[in-house]
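Spelled out from the first residue to the last, the chains are:
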Amino acid sequence: MSHGRFNNPVVAALAGFKDLFRKQEFSDRLSDNDRFDGRTCLVTGANSGLGFALAVEMARRGARLICTTRRLQHETLVKIKKQSGSDNVEVRTLDLSRLDSIHGFIDGLVADKINLDAIILNAGVALPLSLIHISEPTRPV
């Protein structure tokens, strides 16, 4: 057992439930004046949905933004720049289901001497069907 702040799992679980339902201290403090100026931020899965909305908002708030998509999508870059009003946005390819893509992405960040200040890990990963083993349900005899 770890030597954290709890000495047994029941106390840890109860503390977790208490935290889940208590009023969050910082939930009402975010305002339109909160900025990312001078910060380099990464948003994975930025071509649609929540990732796209977060990318637009972070760019609008002054971030140097790096967005990732599985396939390079120039239209994603154009839309984020247009909706955020920022030109400090770039899109890079990253397929989280392929280890070589992950290594290539990281190598690119290192080669370009990019240090990240904030990361939003939004992209979902789906395993190829060839890696998923689905067993037949057992039937009573």
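Read on for an overview of the structure. (Residues numbered from 1 in each chain as written. Predicted model: local features only at pLDDT ≥ 70, side-chain atom pairs only at ≥ 80, totals over all residues. Heavy atoms only, no water.)

### A short note on helix 3 (residues 74–84)
Turning to step 1, where the next piece is worked out: Burial in helix 3 covers these residues: Thr 76, Leu 77, Ile 80 and Ser 84. All buried residues of helix 3 fall inside an arc of 100° around its axis, so they share one side. Along helix 3, the residues that are exposed and aim more than 90 degrees away from the buried face are His 74 and Lys 82.
Turning to step 2, where the next piece is worked out: Of the surrounding elements, those touching the buried residues of helix 3 are helix 2 (49–60), strand 2 (64–69) and strand 3 (89–93).
Turning to step 3, where the next piece is worked out: The positive-phi residue at the C-terminal boundary of helix 3 is Gly 85, with phi of around 75°. (Buried < 20%, exposed > 50% of the residue type's maximum accessible area, 1.4 Å probe, protein only. Helix = DSSP H or I, 4+ residues; strand = E, 2+ residues; numbered from the N terminus. Arc of directions from axis to C-beta. Contact = heavy atoms within 4.5 Å.)

### Here's the deal with the sheet that holds strand 3
Turning to step 1, where the next piece is worked out: One open sheet holds the four strands; their spatial order is 3-2-1-4, and the pairing between them is parallel. The two strands at the open ends of the sheet, each matched to only one other strand, are strand 3 and strand 4 (118–120). Each strand axis lies, on average, 20° off the axis of its neighbour in the sheet, ignoring direction.
Turning to step 2, where the next piece is worked out: Taken together, the three bridges between strand 1 (residues 40–43) and strand 4 define a ladder with parallel strand orientation. (Pairing = 2+ DSSP bridges. Axes fitted to C-alpha atoms, helices over the stretch in contact; angles between N-to-C directions.)

Bear in mind that shape data such as this cannot, by itself, settle questions of function.
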